[in-house]
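# Fold and contact review
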Amino acid sequence: VAARAMGLFAVAAFVFVPDGAQVVMGQAVRALGDAWVPVAGYIGAFLVLMIPLGWALVNTFGYDERALVVTIMVACAVATVLLAVRFHLLTRRAAPA
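So, a few notes on the structure that sits alongside this text.

Rules of the game
- Residues numbered from 1 in each chain as written.
- Predicted model: local features only at pLDDT ≥ 70, side-chain atom pairs only at ≥ 80, totals over all residues.
- Heavy atoms only, no water.
- Core = buried A, V, L, I, M, F, W, Y, C linked by side-chain atoms within 4.5 Å.
- Buried < 20%, exposed > 50% of the residue type's maximum accessible area, 1.4 Å probe, protein only.
- Helix = DSSP H or I, 4+ residues; strand = E, 2+ residues; numbered from the N terminus.
- Contact = heavy atoms within 4.5 Å.
- Salt bridge = Lys/Arg side-chain N within 4 Å of Asp/Glu carboxyl O.
- Expected span 1.5 Å × (residues − 1).
- Bend = angle between axes of the 7 residues up to and from the residue.
- Patch = residues over 30% accessible without salt bridge, like charges linked within 9 Å, V, L, I, M, F, W, Y side chains within 5 Å.
- Areas by Shrake-Rupley, 256 points an atom, 1.4 Å probe, with all protein chains shown as cover.
- Arc of directions from axis to C-beta.

Further remarks concern the nonpolar core. If you look at the biggest cluster of nonpolar residues, it comprises 5 residues: Met25, Tyr42, Ala45, Ala79 and Leu83. Counting only elements with at least two residues in this core, the list comes to α3 (36-60) and α4 (66-94). If near-sequence neighbours (up to four positions away) are discounted, alanine 45 is found in contact with Met50, Ala75, Val78 and Ala79.

Before going further, it helps to examine the pattern of salt bridges. Per the stated rule, a full pass over the model turns up 3 salt bridges. The partner of glutamate 65 in a salt bridge is arginine 4, with the nearest N and O atoms 2.7 Å apart. Residue glutamate 65 is located in the loop between α3 and α4, and its partner arginine 4 is located in helix α1 (residues 2-12); the two are separated by 61 residues in the primary sequence. Here arginine 86 makes a salt bridge to aspartate 34, at a shortest N to O gap of 2.5 Å. With arginine 86 in helix α4 and aspartate 34 in the loop between α2 (16-31) and α3, this residue pair connects regions lying 52 residues apart in the sequence.

Let us now look at the side chain of glutamine 22. Examined against the element boundaries, glutamine 22 turns out to sit in helix α2. Leaving out residues up to four positions away in the same chain, glutamine 22 has contacts with Tyr42, Phe46, Cys76, Ala79, Thr80 and Leu83.

Once that is clear, we can look at α3. The first and last C-alpha atoms of α3 sit 34 Å apart over 25 residues, in line with the 36 Å expected at 1.5 Å per residue. A maximum bend of about 35° is found in α3 at methionine 50, where proline proline 52 lies one to four positions downstream. The set of residues buried in α3 consists of Pro38, Gly41, Tyr42, Ala45, Gly54 and Leu57. Downstream of α3 by a residue or two, glycine 62 has a phi angle that is positive, lying close to 80°.

Together, Ile43, Leu47, Val48 and Ile51 make up a nonpolar patch on the protein surface, roughly 380 Å² of accessible area in all. Within the secondary structure, isoleucine 43 sits in helix α3. Exposure remark for isoleucine 43: the relative accessible area of 43% places this residue in the partly exposed category.

Moving on, we get to α2. Counted at 1.5 Å a residue, the expected span for α2 with its 16 residues is 22 Å, and the 22 Å between its end C-alpha atoms agrees. Taken residue by residue, α2 has Pro18, Gln22, Met25, Gly26 and Val29 as its buried positions. End-on, the buried residues of α2 take up no more than an arc of 100°, which puts them together on one face. Exposed and oriented more than 90 degrees from the buried face of α2 are Phe16, Val17, Val24 and Ala31.

Structure representation (structure tokens):
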């Protein structure tokens, strides 16, 4: 168990950057008064993408538990991009001409 956990810790360390970024972008979009688009972005990234991708990597392609951590990282990155695009659209619309 300890040997497998060490492999997870090495991969899990890389999750902090996209996870922190998606939290910041979600709060930034909410601060601009948009509450439902972050929810939809999270549903898309985590429910629609992460769960099937994790299932496919483990059950179809035979990867181990590290693939599940990688799917979390991918879903966080996708959520970050979706929320950053929304933030850009909201701030561009609000910017003076």
